[in-house]
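This is what each chain is made of:
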Amino acid sequence: MKRKNPLSWIFIIVLLFGLLGIAGTGCAETVKIGGTGFPLGVVKILAATFEKQFPGEEIKVFPSLGSSGGIKALLAGALDLGLSARQLKEGETGRGASAMEIGRTPFVFFVNNGVNKNGLTFQELESIYGGQLQEWPDGTRIRLVLRPKGETDTEIIRGMTPAMDQQVDLSFGREGMNLAITDQDNAAVIENTVGGMGGGTLAQILSEKRQVKVLSLNGVTPSVEGLVDGSYPWSKSIFLVTTSKISPAAEKFKDFIFSETGGAILKSYGIMVSTGSLR
Amino acid sequence: MSNVIRTKRIAKWFAGAISLVMIILIPLFFVALESKYIKGNLDSEALINSRIISRLINANPEMWKFEIMRFEEILSHRPTNGEKEIRRILDNNNKLIAESADEISPPFIKISHDLKESGVTVGKIEIYRSWSSVLWNTLYVSIFGMLLAAMTFVAIRVLPFRALIRAEGELKESEEKFRALFEQASIGVAEVDTKTERFIRVNQKYCDIFGYSIEEMMAMTHLQITHPDDLPLDLDKLQEIEKGEIRDYSREKRHIRKDGSIVWVNLTISSIFEKGVRSDRRIAVIKDITERKHVEEERNQLIVKLQQALDEVRTLSGLLPICSYCKNVRDDQGYWNEIEAYIYKHSGAEFTHGICPECVKKHFPMVDLDCDKKTRG
């Protein structure tokens, strides 16, 4: 029997490792993304488009964790990409997190489709939160849905008018109020409750195809254009949070989000993409 | 020891025991109740929170541990009474996930509920509340309990005895009056045991009537001093009383005194009834009627004599059989008596003898009755 040359053995081994390496590179690495809830609908659309464009790539979008939860999960290595509605805190940046604004979406008030109302004035809004106004014009009870005190939504509402902060406090002091923990719960409760009303983002309503009525505020209809020209100033930002340990696949998805394709998708769902991004 | 003193002592111990029980049991009961109430309260809170949190966990089973802010928001809600608490969410490794903590001081009451994900325990919620408020409240309740116990003590120990002491005073006064009445009565009074017929109690007068001392009398039965001739009727009457046929009887009877003389008494014997039931005692009331009896006897004798005399007077006033010639009178026995002797015997009238003028003329014609008149004239 003819003995093989030792070099040939080395060649075979190197060849096998090479093949394994190619195979490894070709295996789809799942990118885990999660955090604040309102952009999840858009992110899911982005993920689907990305997966279609890059077969083999897989994006897993987790249900709403909240901005803080998303950042914590990212820093703990449980996520590859985090979604936040706020800027990072010092402690978070100190632990290696960095955030890039994807864009902003109008923060809107919306009501159940059965409510015969198309817009609110600030006075009405204050009265609704303060409890002085409890019925819609048709006599239906106004069923205000609150968000947790620490949520960005609550902070935005507090800052809308000088009196609003106190009115929001009054609303939290009223017993038996609806409190939605997640953005999705918030939208679902309003969608399914007669006379339901609350705050949220245009991007969520559009991307999740919520059957609700978006109200104009002080006569101004919420829109991306309104954000651009400043006629509608109330918005909510979407930040993509990463760390230096970002995986190539996550980096790739990040690039996609900030690509022109990504930007177009974001715009179509009520998000004003941020300037200074890759686009 | 008087009944009141004994009752007072018993009441003191009873009231003390009740007060002590109140002092101990009221705070204990309060602590148990409060503890149960708080635990029930905390249990409800933990259960409600665990359900809300479990719903979030089920919505995001892989990443729920990062939803800290939301959990903190849920945990931050406190009961409407503003009780301070520490609320924690821990995973299965007892790693703290979220916490909402007020400043509370130990010791703590703790309630824990499992957090489930698809029916599997993935963590727990713990709620702590301080015992200090319970302890303070228990202190207040203890003070209240002590006040209540003191009031109860007074209510049981003191108040009823005012009435009791008053009643006892009245009873004592009544007894004293009765004793004085009994001891100083001018009639003899004795209490007799119906079974032994012995004296239970006798007054001095009773003893005096029979000439015995109280001690001697107490060692005797009333039958021993009864005159043997009067005993059978006594026994019959006593039997009737014992059978319930009569309640009392009175009679005049004879007794034999210590010196052997006979003493007549008016006796009344009555059953003693207590609460409507005949007791084993009788009361005997006697009055010495010996003198009256003697007087009566003398009177009777006198009456007899008078009767006899009257009988005789009646004979004189009736038809007297008298001899038409010698004027002798025949008595009831058929003897002929001289009329003077007869009248003397039946009326006590004595006769003086003389001669009437007609008889003088008739029997002594020689006597000049006119001359005699002239001489005197």
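Everything quoted here is computed from the prediction, not taken from an experiment.

Draft legend 1. Highlighting the overall build of chain B. Per the secondary structure count, chain B includes 11 helices and 11 strands. Counting across all 377 residues of chain B, residues that qualify as buried make up 31%. Contacts in chain B between residues far apart in sequence, at least 24 positions, make up 49% of those at least 6 positions apart. Here chain B displays about 24,100 Å² of accessible surface, and carbon together with sulfur accounts for 58% of that area.

Draft legend 2. How the structure looks around the nonpolar core. Residues and elements named next belong to chain A. In terms of nonpolar packing, the biggest core is built from 36 residues, with Phe109, Leu125, Tyr129, Met160, Met197 and Leu217 touching the most fellow members. Considering each element in turn, this core owes the most residues, 5 residues, to strand S4 (residues 97-112). Residues contacting Leu125, with those up to four places away along its chain left out, are Phe109, Leu120, Met160, Met164, Met197 and Leu217. If you look at the next biggest cluster of nonpolar residues, it comprises 29 residues, including Leu83, Phe253, Tyr269 and Ile271.

Draft legend 3. How the structure looks around the confidence of the model for chain B. Residues and elements named next belong to chain B. The share of residues in chain B with pLDDT of 70 or more is 95%, and the mean pLDDT across the chain is 86. Mean pLDDT across the elements of chain B ranges from a minimum in helix H11 (residues 369-376), with 62, to a maximum in strand S1 (residues 85-91), with 94. Interface confidence for the predicted complex, expressed as ipTM, amounts to 0.74; the pTM equals 0.60.

Draft legend 4. Seen up close, the interface of chain B and chain A. Facing the 15 residues of chain B at the interface are 23 residues of chain A. Of the roughly 1,500 Å² buried at the junction of chain B and chain A (both faces included), carbon and sulfur atoms supply 66%. Where chain B touches chain A, the interface holds 2 salt bridges. The shortest N-O distance in the salt bridge between B:Glu62 and A:Lys60 comes to 2.7 Å. Between chain B and chain A we count 4 residue pairs in polar contact (both at pLDDT 80 or more) in total. Only helix H1 (3-59) and helix H2 (68-75) of chain B provide two or more residues apiece to the side of chain B that touches chain A. It is H2(B) that provides the largest number of residues to the side of chain B that touches chain A, a total of 5 residues. Residues belonging to the side of chain B that touches chain A are distributed by class as follows: 7 nonpolar, 3 polar and 5 charged.

Draft legend 5. Region of the structure containing the packing of aromatic side chains. Following the criterion strictly, the structure yields 14 aromatic pairs over all chains and no others. Relative to A:Tyr129, the ring of A:Phe109 has its centre 6.4 Å away and its plane inclined at 70 degrees; by these criteria the two rings are edge-to-face. On the criterion of sequence distance, the pair formed by A:Phe109 in strand S4 and A:Tyr129 in helix H5 (residues 122-130) is long-range, its members being 20 residues apart. In terms of burial, A:Phe109 and A:Tyr129 fall into one category: buried. The interplanar angle of 35 degrees and the centroid separation of 6.3 Å between the aromatic rings of B:Trp136 and B:Tyr140 together place this pair among those described as tilted. Remark: B:Tyr140 and B:Trp136 occur in helix H3 (residues 132-157); sequence separation between them is 4 residues, near one turn of the helix. Chaining the aromatic ring pairs together yields one cluster made of A:Phe50, A:Phe54, A:Phe253 and A:Phe256. Sitting over the ring of B:Phe182, B:Arg201 keeps its end group 5.0 Å from the ring centre.

About the criteria used
Residues numbered from 1 in each chain as written. Chains lettered and ligands numbered in written order. Predicted model: local features only at pLDDT ≥ 70, side-chain atom pairs only at ≥ 80, totals over all residues. Heavy atoms only, no water. Helix = DSSP H or I, 4+ residues; strand = E, 2+ residues; numbered from the N terminus. Buried < 20%, exposed > 50% of the residue type's maximum accessible area, 1.4 Å probe, protein only. Contact = heavy atoms within 4.5 Å. Areas by Shrake-Rupley, 256 points an atom, 1.4 Å probe, with all protein chains shown as cover. Core = buried A, V, L, I, M, F, W, Y, C linked by side-chain atoms within 4.5 Å. pLDDT = per-residue confidence, 0-100. Buried area = accessible area lost by both parts, 1.4 Å probe. Salt bridge = Lys/Arg side-chain N within 4 Å of Asp/Glu carboxyl O. Polar contact = N/O pair within 3.5 Å; in protein donor to acceptor, adjacent residues only side chain to side chain. Nonpolar A, V, L, I, M, F, W, Y, C, P; charged D, E, K, R; others polar. Phe/Tyr/Trp six-rings, centres within 6.5 Å; stacked < 30°, edge-to-face > 60°. Lys NZ or Arg CZ within 6 Å of the ring centre and 35° of its normal.

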